[in-house]
Every structure is written in C-alpha cells, then in structure tokens.
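# An overview of the molecular structure
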Amino acid sequence: MRMDVPLADDHASRFLPWLVALLVYLAGLALAATLALQGAVEKWNRELVGTLTVQVGGPGGETLKAGELDQQTAHVAEILGRTPGIASARVLGPEEIAALLAPWLGEGANLKELPLPRLIDVALAPDARIDAQQLTKELSAVASGVNVADHRLWLANLTRLARSIEAISLGVIVFIGFVGVTGVVFVARTGLALHRDTIEVLHLIGARDGYIARQFERHAMMLCLKGGVPAIALAAATVAALDRAGRALGPTRLPARSLQWRQWLALLAVPLVATAIAMITARVAVLRSLARAP
Amino acid sequence: MAPGEPPILRFENVGMRYGMGPEVISDVSFELKRGSFHFVMGESGAGKSTLLKLMYLAHRPTRGIVSVFGHDMSRTPRRALPPLRRRIGVVFQDFRLLDHLSAMENVALPLRVAGSKGEQSRSHVTELMNWVGLAERMKQPPHTLSGGEQQRVAIARAVINRPSLLLADEPTGNVDDRMALRLLYLFEELNKLGTTIVIATHNEGLVARFGHPRLVIRGGTVDVVPGGAGGTG
C-alpha cells in the first residue's frame, strides 16, 4: 500500500539500510563472541569448580622410574581419599593424559617415551575448603614432585577476564545501538522537514499525530529489515566459517566455539530487535517533533 | 439554528500576528450560524487566508477567542483538534493535493485518516468522483490533471467526510466563469443539505449573483454585510 507521506523517495532513506546492515553485522559478531564466551565460562565453571588436580612426579620428581612413580601416585591417591573434605580421588589413565596433551602434542603422539607426571583428579565435597599449600606439604612427605593445583584461583582470574571481554562486547553492542538510533532519528527528522507540507495537509484533514508517526514507523521497519536481514545472514555465515576454521585446528583449550541453538536464535533475533528499536525510535522522534506543531 | 444552539463559528476580539510582525487581523468579532452561507471578501493581502486558517484550525489566534463547534480554541488541547478538523472540509487556494497519490487516493484520504474501511470508502469515493465529473481520471496523479480538474479533486476531498463546515479559499480562482458558477451551485447544494459554507473569493460578480451575506475584511477588521438581493438561479 502506498504511504500518505512519500518517505520511500527520500535520499536520506537510502543510506539507512546500509547503515543498519553494517551495524547489525557488527552487533551480530559481538553478540556471537559474547555468547561463545559465556558458554565457555559456564563450561569451565561446571567442569572445574569443586575439583583439584594433584600432580605427582612433576618438577623435583623427574628422576623416578615409572614403577616407583605409579606406586607413589597410588599412595597419594589413597591419602587423598581419606582426607576430610575430599569426596573422591581418581588417578587419570594414560589415554586421559594423552587427551589433555593432544592440543600441544597432537593426536596419537607416543607418550610412553616421555617422562610425564601422573595426575589425580580430586573431587571436593560440597562447600569443602582445602588449603592447597598445606595439602602439597603433606603429600610431599610421601611422594616426589607433588603439586596441588587449585583451579578456583585460576578460574576466578579467567572468569574475570572473560567477564571483562563480555562487558566490552556488550558496550560495543550498546554503542552500535546508539549509532543506529541516531541514524533513525536523523532520517525521521529529515523526513519530517522534507514532507512538512504533506504532514500539514494530513493534520488539517484530521490525522492524529499517531497516524503520521505510524507511517514513519512502517518506513523505519521496511528499511531496517531490508538492511538487517541480509546482514545477519552474513554475520551467521561469518560465525559458521570461524567455527569451521576453529574446528580445523583440532582440540584446543580455546573457548568452545560452536553456538547452541538458543544462541543461534538470539543471533537471528538481532535484526528483529534492531527493527523494533528503530520503529520505537522513529515513533518517539516523530511524536516529539509533531507535538510542537500548532 | 435552534434557540440556544451555539454558533458553529464564533470570533470574539480576535487578533492574529505572525511572529513579531504587525497584526494581520485585529479585534475581529462575528458569529456564523449552523447552515449559513458566507462569502469572505477583501483585497489581496487583506487577511482572508488568515481568517480562513483560524477557521480551519491551522493556527490559534494571538489574542481573543475563536470558538469552533462550541470549543474555545485557546482552551482546547492539541489532541482534541483532529476530531474537530474532521468535521471541517477545506478547499485550499493551491489545492494541496498529494502528488504521489492518485486523484482517487487524494479524495479518499480524509476517510482513511478517520479509519474507514477500504471497500466502503472506495464506493463512496467513486460516487463522489462521478459527481465532480472525474470518474474517468480518478487513477491519474494530480499533476497530470488540469487546474480545474485538480480543483474538483480538492473539492471532492473536502466534502467526502460530509463536513459540518466547508471552507474554500478562492475555489473559483483557476476556472472559467461557467465552471465557477457550476462549483458555486455545488456548494449551494451542500449548504441545502445542512453544511455551513464559507468561501473566500475576489469574484464580486459571482458574489452579487448569489446574494449571501459577506464577511468583508478591510484594514484588518471584519464587517458582516447582510445578503443582497441576489438569487441562486
């Protein structure tokens, strides 16, 4: 249907889909990064909170023979199993150690020839407080090269870093939104100025401000969808391409890259949210300007 | 007008200036009864258009009271103006048709603005386009129509909502005498159906022929001159 106010012909309207496309693309990438990071932090929290890793035969214990090392490791595991606050202690098998080292040594590396320490995965009881330094001291009495790695400290630092990056990404998204809103306000005001006569005629034949604002709203919607839909498709393709490139690297300790289906939905909602914001912005800008008319 | 019924238009000591300029009209007082027919006369620049703009609520007076359908415009909030404006049909001097719409869409505009449904409004518009003799050209954009045709589109747009008050600014300015006469007969017909009519014109011959009362603007003030002996035939 033809609009009463011929906004589609405005020169100012032609740049808005391009601006929206650029902003939606950038917002899509920023959101994808934020979501991937959130997923990674959640995964780390899930996997590492309430656990310790005890290493036997690390620095200071490299000279031990394999049999001695296994014996000491079993002893340490037994002590850990009796220690208050520890729910379970499990010695990791060679395959599990190989899997942990795969990001650095590659799949199928021959680890038998390497003087690797043994690892014990320790699950803590809920709300247990373990002093890692004290435990290291106690275990060092029965084994060589013992180190107790408390993941909580490492995880807290990593989580803080991830949250900072997340906050920056959200800041970028907010800034992008601000630029978009400014663009929509500019286009709406230009439209109001260009079509002042038409708007006056509409007023004089009894149009309410809301009727005129709806025309601007609909116009903003069309322009945003025109720019936003292809842009989010491009952003999704970029994320998928980065994901594929990441997978080609093989297993790494980098954050999980693949987005979950809900996160994909959130990404695809970006142009819709942008359109809703543009419509509201256009409406508010037009109503505020029209309120000054006689 | 029934006794006690408020006048459709009332001006009381109205003054109007643009910005910091001098008053274009000052101390204007008169009343128009429901169903009346008036001509507004005066030299170019005398303030006819300003008077009409106050009547069709394009402006509020700088001072004094303008009351339309019993509503004092100085106290009527902006949001209450659209329903009042829908009861007023206006034929602008320069027509003010929307060039990106067809003649038919221009005529349908007041109905659309008022929220009428498509089918109902289409038959009404077609009927009116027939009435003004433009049925064949209703899909044309206004800029492809002659001045007289555009004027008839503007008139059709002004009357489509069956307004209680019809204001026309120089509606015969762009047409020959025969068409001017035809248009005035058309306004007379509307007047007989109960519409209050106010027409601003220079055409003294035409005014004399119809003999309706006149609002004569001179030196920024308005005198109401009773109707003459003119007839409508």
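Nothing here was measured: the structure is a model prediction, and the numbers come from that model.

## Let's talk about the overall build of chain A
Looking only at helices and strands, one finds nine helices and four strands in chain A. Starting at the N terminus and walking to the C terminus, you meet the elements of chain A as α-β-α-β-α-β-α-β-α-α-α-α-α. Since a compact globule built from 294 residues should have a radius of gyration of about 19 Å, the 30 Å found for chain A marks it as more spread out than a globular shape. Judged by the C-alpha coordinates and their principal axes, chain A covers about 95 × 40 × 25 Å. Within chain A, the proportion of its 294 residues that are buried is 30%. Within chain A, residue pairs in contact and separated by at least 24 positions form 87% of the contacts whose partners lie at least 6 positions apart.

## Let's talk about the packing of helix α3 (residues 103–113) of chain B against helix α5 (residues 147–159) of chain B
Residues and elements named next belong to chain B. One can describe the packing of α3 onto α5 by two numbers: an axis separation of 7 Å at closest approach and a directional angle of 25°. With respect to each other, α3 and α5 are oriented roughly parallel. At the point where α3 passes α5, the crossing takes the right-handed sense. Along the contact surface, α3 presents Ala 103, Asn 106, Val 107, Leu 109 and Pro 110, while α5 presents Val 153, Ala 156 and Arg 157. Residues of the contact of α3 with α5, tallied by class, amount to six nonpolar, one polar and one charged.

## Some thoughts on the sheet that holds strand β4 (residues 63–68) of chain B
Hydrogen bonds along the backbone pair up the strands of a sheet, which may run parallel or antiparallel. Residues and elements named next belong to chain B. Within the open sheet, the four strands sit side by side as β2-β1-β4-β5. Their pairing is antiparallel. The two strands at the open ends of the sheet, each matched to only one other strand, are β2 (23–32) and β5 (71–72). Sheet topology places strand β1 (residues 9–17) next to β2; six bridges connect them, and they run antiparallel. Residue pairing across strands places Arg 17 opposite Glu 23, the latter belonging to β2. On the sheet, helix α1 (residues 48–55) packs against β1, β2 and β4 and is oriented at approximately 125° with respect to β1.

## Some points on the interface of chain A and chain B
Opposite the 14 residues of chain A that make contact, chain B presents 17 residues. Per-element accounting of the side of chain A that touches chain B gives the leading share, five residues, to helix α6 (residues 196–204) of chain A. Here the side of chain A that touches chain B is built from residues that sort into eight nonpolar, two polar and four charged.

## A closer look at the domain arrangement of chain A
Accessible area lost during the coming together of the parts is what is often quoted as the interface size. Splitting chain A by domain gives domain 1 (7–46 + 155–290) and domain 2 (50–151). Centre-to-centre, using C-alpha coordinates, domain 1 of chain A lies 49 Å away from domain 2 of chain A.

## Examining the packing of helix α5 (residues 151–194) of chain A against helix α9 (residues 270–290) of chain A
All names here are of chain A. Packing of α5 against α9 leaves a shortest axis separation of 9 Å and a crossing angle of 45°. The pairing of α5 with α9 is recorded here as oblique in orientation. The two elements α5 and α9 meet at a crossing, and its hand is right-handed. Contact with α5, carried on its side by Gly 177, Gly 180, Val 181, Val 184, Val 185, Ala 188, Arg 189 and Leu 192, involves Ala 274, Ile 277, Ala 278, Thr 281, Ala 282, Ala 285, Val 286 and Ser 289 of α9 and no other residues of that element. Residues belonging to the contact of α5 with α9 are distributed by class as follows: 11 nonpolar, four polar and one charged.

## Examining the environment of A:Val41
All names here are of chain A. Position of Val 41 among the secondary structure elements: in helix α1 (residues 11–48). For Val 41, a count of 19 C-beta atoms within 10 Å corresponds to the partly exposed category. Separated by 119 residues in the primary sequence, Val 41 and Arg 160 have C-alpha atoms spaced 9.7 Å apart. Those residues in contact with Val 41 that sit more than four places away from it in its chain are Thr 159 and Ala 162.

## Some details on the environment of B:Phe95
Residue and element names in this part refer to chain B. On the secondary structure map, Phe 95 appears in the loop between β6 (88–91) and α3. Between the C-alpha atom of Phe 95 and that of Ile 155, which follows or precedes it by 60 residues, the distance is 8.5 Å. Every residue in contact with Phe 95, bar those within four places of it in the chain, is listed here: Gln 150, Gln 151 and Ala 154.

## Observations regarding the nonpolar core
Counting 110 residues, the largest nonpolar core has A:Val24, A:Ala282, B:Val40, B:Val107, B:Met129, B:Ala156 and B:Leu167 as its most contacted members. Among the elements that make up this core, the one with the highest residue count is α1(A) (13 residues).

## Some details on the pairing of β1(B)
Residue and element names in this part refer to chain B. A loop of five residues connects β1 with β2, the two strands running antiparallel in sequence, and Gly 19 in this loop sits at a positive phi of about 60°. The sheet contact formed by β1 and β4 spans five bridges and is antiparallel. The residue bridging Leu 9 from the neighbouring strand is Val 68, located in β4.

## Looking at helix α2 (residues 66–82) of chain A
Residues and elements named next belong to chain A. Across its 17 residues, α2 extends 25 Å between first and last C-alpha, which sits within 8% of the 24 Å expected from 1.5 Å per residue. Of all the residues in α2, the buried ones are Leu 69, Gln 72, Thr 73, Val 76 and Leu 80. The arc that holds every buried residue of α2, seen down its axis, measures 105°, which confines them to one face. Among the exposed residues of α2, those pointing more than 90 degrees away from its buried face are Gly 67, Glu 78 and Arg 82. Contact partners of the buried residues in α2: β1 (51–56), β2 (86–91), β3 (118–124) and α4 (132–140).

About the cut-offs
Residues numbered from 1 in each chain as written. Chains lettered and ligands numbered in written order. Predicted model: local features only at pLDDT ≥ 70, side-chain atom pairs only at ≥ 80, totals over all residues. Helix = DSSP H or I, 4+ residues; strand = E, 2+ residues; numbered from the N terminus. Rg over C-alpha atoms; globule rule 2.2 N^0.38 Å. Buried ≥ 20, exposed ≤ 12 C-beta atoms within 10 Å, placed from the backbone. Contact = placed C-beta atoms within 7 Å. Axes fitted to C-alpha atoms, helices over the stretch in contact; angles between N-to-C directions. Parallel < 35°, antiparallel > 145°, perpendicular 65-115°, else oblique. Left-handed = near helix turned anticlockwise from the far one by under 90°. Nonpolar A, V, L, I, M, F, W, Y, C, P; charged D, E, K, R; others polar. Pairing = 2+ DSSP bridges. Domains from an automatic or database assignment. Core = buried A, V, L, I, M, F, W, Y, C linked by C-beta atoms within 7 Å. Expected span 1.5 Å × (residues − 1). Arc of directions from axis to C-beta.

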